[in-house]
Amino acid sequence: MTIEDVPAPLQIAFAAAFGALVGSFLNVCIYRLPLDKSVVWPASACPYCGRLLSWYENIPVLSWLALRARCRTCAAPIGVRYPIIEALTATMFGFAWWYYGPGVLLASRLVLGCALIVLFAIDLEHQLLPNAITLPGIIVGVVFSFFAEPGWMASLIGVLVGAGVLYGVAEVYYRVRHEEGLGMGDVKMLAMIGAFLGWRLVLLTLVLGSFSGTLVGLGVLLLKRESMKYALPFGTFLALGAIVAAVAGDPIIHWYFGLY
Ligand SMILES: [Zn+2]
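What this report covers is the structure whose coordinates are included nearby. (Residues numbered from 1 in each chain as written. Predicted model: local features only at pLDDT ≥ 70, side-chain atom pairs only at ≥ 80, totals over all residues. Heavy atoms only, no water.)

**Focus on the pattern of salt bridges**
Counted by the stated rule, this structure contains six salt bridges. When the shortest N-O distance is used, the salt bridge between R81 and E125 registers 3.2 Å. Here the residue R81 occupies a position in helix α3 (residues 81–100), and E125 occupies one in helix α4 (residues 104–126), the gap between them amounting to 44 residues. Between E149 and R109 there is a salt bridge; the shortest N-O distance is 4.0 Å. Of the two residues, E149 sits in the loop between α5 (131–145) and α6 (152–177) while R109 sits in helix α4, which places them 40 residues apart along the sequence. Classification of E149 as partly exposed rests on a relative accessible area of 46%. Judged by its relative accessible area of 10%, R109 falls in the buried class. Here the salt bridges do not stand alone but share partners, grouping R51, E57 and R72 into one network. (Salt bridge = Lys/Arg side-chain N within 4 Å of Asp/Glu carboxyl O. Helix = DSSP H or I, 4+ residues; strand = E, 2+ residues; numbered from the N terminus. Buried < 20%, exposed > 50% of the residue type's maximum accessible area, 1.4 Å probe, protein only.)

Pasting the structure below:
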């Protein structure tokens, strides 16, 4: 029996179920990386009362629903982030299996997607993009590029373009405003995206990320009437931009240049 013998909907369901399990590991990363804790040890525990969770409290999404979002012992609330990340990762795995089909490109896109989900959530909450994700991510992206899109040459140029463009923008901003607008975390994150997606799609990521970030920033400005000093988590928008670029980047580029 080969993979082709399994009906497609069942394949997608298996991929999604596996994605939900990966999502629960991503939750551990999102919670522990900003605290500089190990992501593999110890086992998951309630952050309030410290009791170790049993296997049936670790089932993605379902446990959260069954426990009605509270710890069984101390009744401390369990954030809605947990089931959201698990459901999101499950959806991503199911979609990617259907969209890319089994192969190296699927693996590359899923590894990138997982890194982006973790960076998205940590940047949103802590305005932080941990090196523990971005630096190994650059290397892994380049290694994948030897076996799948975008190819090693485009990948290496992508690292340089991703890091270089954002580093240049940060440098100009610093010279003009005499304050830091962009962190080195954003630079390393864009280098990682360049490694996985190549130089064309990393530029598209930067355009999409800046555009959506500016739109949301203007919205916040209009609603709250706060000064522009409110620091938007740029990494969060880069993650969104990169996901769009990874899935629909080539059609978007063709459409855009087709306009001329
Ligand atoms: Zn508890």
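**Let's talk about the packing of aromatic side chains**
Under the criterion given, the structure shown has nine aromatic pairs. Between F95 and Y99 the ring centres are 5.2 Å apart and the planes differ by 20 degrees, which places this aromatic pair in the stacked class. Within this pair, F95 and its partner Y99 are both found in helix α3, separated by four residues, close to a single helical turn. In this structure Y99 comes out as partly exposed when scored by relative accessible area, which is 39%. Three or more aromatic residues joined by ring pairs form one cluster here, namely F95, W98, Y99 and Y100. Here R81 stacks its cationic end above the ring of Y82, 4.8 Å away from the centre of that ring. (Phe/Tyr/Trp six-rings, centres within 6.5 Å; stacked < 30°, edge-to-face > 60°. Lys NZ or Arg CZ within 6 Å of the ring centre and 35° of its normal.)

**Quick look at the coordination of the zinc ion**
Protein-derived ligands of the zinc ion are C46 (SG), C49 (SG), C71 (SG) and C74 (SG), with the metal-ligand distances lying across 2.3 to 2.4 Å. Taken together, the four donor atoms coordinating the zinc ion and their angles of 106 to 113 degrees define a geometry best described as tetrahedral. Mapping the donors of the zinc ion onto the primary sequence gives the spacing C-x2-C-x21-C-x2-C. Of this pair, C49 sits in the loop between α1 (8–32) and α2 (62–66) while C71 is found in the loop between α2 and α3, placing the two residues 22 residues apart along the sequence. (Donors = N, O, S within 2.8 Å, 3.2 Å for Na, K, Ca; no water. Tetrahedral: all angles 85-135°; square planar, octahedral: opposite > 155°, others 65-115°.)

**Some details on the environment of C71**
Exposure remark for C71: the relative accessible area of 8% places this residue in the buried category. Sequence separation between C71 and L52 is 19 residues, and the spatial gap between their C-alpha atoms is 11 Å. Those residues in contact with C71 that sit more than four places away from it in its chain are C46, C49, R51, A76 and I78. (Contact = heavy atoms within 4.5 Å.)

Bear in mind that shape data such as this cannot, by itself, settle questions of function.
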